[in-house]
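What follows is the residue order along each chain.
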Amino acid sequence: MTHPADFTVPEVEDFDSPHALFAELRGHCPVAWADEMGGFWAVTKHADICRVLTEWQTFTTTVQNVVPRVATTQRRPPLHLDPPGNIPYRNAILRFLSPRRIEDWKPVIAAMVAEHFDPFVAAGGGDICADFSFTLPIALLAEFFRLAPDEAAEIRIVGAEFNMALQRQDFDLLRERSDALYNIAARLIEDRKASPQDPDLDPVSNLLAVRVDGAALPDDKILGALRQFLLVGIIAPTTFIGSMAVHLARHPEHHAELTANPALVPVALEELLRLYTPYRGFARTATRDVELGGKLVKEGDPLAVVFTSGNRDEDVFPDPHSYRLDRDAPDLVTFGRGPHMCPGSPLARVLLAEVLLQIAQKTRDLRLTGPLEMTRWPEYGPLAVHLALTPAG
Ligand code: HEM
């Protein structure tokens, strides 16, 4: 389906330009059609985003999950299935992300962040994405899935290369590294089938133990679920850590405030997650003709729920482009809404708060030393942030 174009997706962007475009769209065309990337509606207002995500009977996830569409041969649960098909996979993961489990992760994550960040500080800086944020989330997921040390070492390299290929849209390398990730996931499943671990401790053994009407989950879906986890869990933290670093370099007063008062880190993190929301292109497809934001969305049309925009919606967040620590319980859409809302958000928050804390504690005087390289749809954020810094004395 095509419609008259309401806006053009820019070929070149910088750190601020997407926010300027989305502000303009929210102002006079909050549900806007673009012909690029296969054609899609950009849904930019907070309320419309929440409606699309919660009205899953009208806006299905089973056709296209991101803009631009990535051709996938596999259905990867839970994200690619509408309720109730997604539920067994989602529940199997959620039990490992309860508040009690997350508490146990805190010291592990603090040590992991230090292991990856201290060399960067000692070197006086570098590219915080290539040298730090591309590898850290993968190390965490390797730990989360209890990979054996040799598999963990391999996935740290394969995962980082996959992440870079994906974000730079190097499709040849991407296919190759994607296959390697599938192989690691397949070996993990085989290993747990041969030597099951305690399903209370091991996510893959738990997925294998799930029964729906007496039947095990299909192998290919378990593999897809694992692969889904590896994908969504590594991408957003990578670019978002880059965005945090850019913000602190641009605003030394905010950096100094966190150094002086680390208790502000959790609320500062929420504000940064609002300002620099890393996903803008998660997608749904209309299952019928439906009116949204004054437009007639036709059955079969893809829609991108632009979280990066919804979190700066002036109807929900006064003074939306400013960093303010006095917002009262801000209603963020950073982690989505509805049946697919990110189950990893508590773990992500612990990881990112620890990163922000260690940046505040271990560095002084962050300076940008080169141009930023930006990612593209479906993400938002930098892929390269060259920094110089002074280690804290
Ligand atoms: C800054 C970090 C992160 C952000 C902003 C983020 C954001 C999101 C969003 C917006 C969704 C919903 C997508 C949709 O509705 O189409 C999602 C889904 C998901 N996320 Fe995250 N995520 C982050 C980190 C993580 C981490 C660390 C994990 C793993 C521990 C994770 C695991 C998942 C999974 C498995 C789904 C699919 C859930 C489902 O379909 O039921 N995410 N994430």
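Going by an unreviewed UniProt entry, the protein carries the name Cytochrome P450 and comes from Pararhodobacter zhoushanensis.

Another aspect to go through is the overall build of the protein. The helix and strand tally for the protein stands at 14 helices and 14 strands. With the principal axes as the frame, the protein shows a C-alpha extent of 60 × 60 × 40 Å. By residue count, 42% of the 393 residues in the protein fall in the buried class. Long-range pairs, those at least 24 residues apart, make up 70% of the contacts in the protein between residues at least 6 apart in sequence.

Attention now moves to the sheet that holds strand β7 (residues 282-286). Strands sit in the order β1-β2-β10-β7-β3 across an open sheet of five strands; the sheet is mixed. Of all strands in the sheet, those with a lone pairing partner are β1 (31-34) and β3 (59-60), marking the two edges. Where β3 meets β7, two bridges bridge the pair, whose relative direction is antiparallel. In the sheet register, Thr-60 faces β7, and the bridge partner there is Thr-285.

With that settled, consider the environment of Val-267. Along the chain, Val-267 falls in helix α12 (residues 265-275). The spacing of Val-267 and Phe-317 is 50 residues in sequence and 15 Å in space, taken between C-alpha atoms.

This next bit is on helix α6 (residues 136-144). Most of α6 sits inside the fold, with seven of its nine residues counted as buried. Residues of α6 that are buried sit in contact with α4 (99-122), α5 (128-133), α7 (149-168), α10 (219-250) and α14 (345-362).

Taken together, 26 residues lie near the ligand, and Gly-233, Phe-282, Gly-336, Cys-342 and Gly-344 sit nearest. Those elements giving two or more residues to the shell around the ligand turn out to be α3 (87-94), α10 and α14. The dominant element in the shell around the ligand, judged by the number of residues it contributes, is α10, at seven residues. Looking at the shell around the ligand residue by residue, the class counts come to 18 nonpolar, seven polar and one charged.

Membership of the largest hydrophobic core comes to 96 residues, with the highest contact counts inside it found for Val-43, Leu-303, Val-305 and Leu-356. Sorting elements by how many residues they give to this core places α10 first, with 14 residues. Leaving out residues up to four positions away in the same chain, Leu-303 has contacts with Phe-40, Trp-41, Val-43, Val-52, Phe-59, Ala-283, Arg-284, Ala-286 and Val-297.

As a further point, take the environment of His-254. Here His-254 lies in helix α11 (residues 252-260). The sequence separation of His-254 and Ala-360 amounts to 106 residues, and the corresponding C-alpha distance is 9.5 Å. Other than its neighbours up to four places away in sequence, His-254 contacts His-247, Leu-248 and Tyr-323.

On to the packing of α11 against α14. Taken N-terminus to C-terminus, the directions of α11 and α14 make an angle of 95 degrees; their axes are 8 Å apart at the nearest point. With respect to α14, the element α11 is oriented roughly perpendicular. For the pair α11 and α14, the contacting residues are His-255, Leu-258 and Thr-259 in the first and Leu-356, Ala-360 and Gln-361 in the second. Class assignment of the residues belonging to the contact of α11 with α14 gives a composition of three nonpolar, three polar and no charged.

Here we take up the sheet that holds strand β11 (residues 363-368). Strand order in this open sheet of three strands is β4-β14-β11, and the pairing throughout is antiparallel. Among the strands making up the open sheet, the edge pair consists of β4 (125-127) and β11. Across the sheet, the mean angle separating the axes of adjacent strands is 20 degrees when strand polarity is ignored. Bridge count between β4 and strand β14 (residues 386-391): three bridges; the pairing is antiparallel. Counterpart to Gly-125 in the pairing with β14 is Ala-388. Taken strand by strand, α10 contacts β11 and β14, and its axis lies near 95 degrees from that of β11.

A few words now on helix α8 (residues 171-194). In an α-helix there are 3.6 residues to a turn, and that puts residues three or four apart on one side. Between its first and last C-alpha, α8 extends 34 Å over 24 residues, near the 34 Å set by a 1.5 Å rise per residue. Those residues of α8 hidden inside the fold are in contact with α7, α9 (203-209) and α10.

Definitions and cut-offs
Residues numbered from 1 in each chain as written. Predicted model: local features only at pLDDT ≥ 70, side-chain atom pairs only at ≥ 80, totals over all residues. Helix = DSSP H or I, 4+ residues; strand = E, 2+ residues; numbered from the N terminus. Buried ≥ 20, exposed ≤ 12 C-beta atoms within 10 Å, placed from the backbone. Contact = placed C-beta atoms within 7 Å. Pairing = 2+ DSSP bridges. Near = placed C-beta within 6 Å. Nonpolar A, V, L, I, M, F, W, Y, C, P; charged D, E, K, R; others polar. Core = buried A, V, L, I, M, F, W, Y, C linked by C-beta atoms within 7 Å. Axes fitted to C-alpha atoms, helices over the stretch in contact; angles between N-to-C directions. Parallel < 35°, antiparallel > 145°, perpendicular 65-115°, else oblique. Expected span 1.5 Å × (residues − 1).

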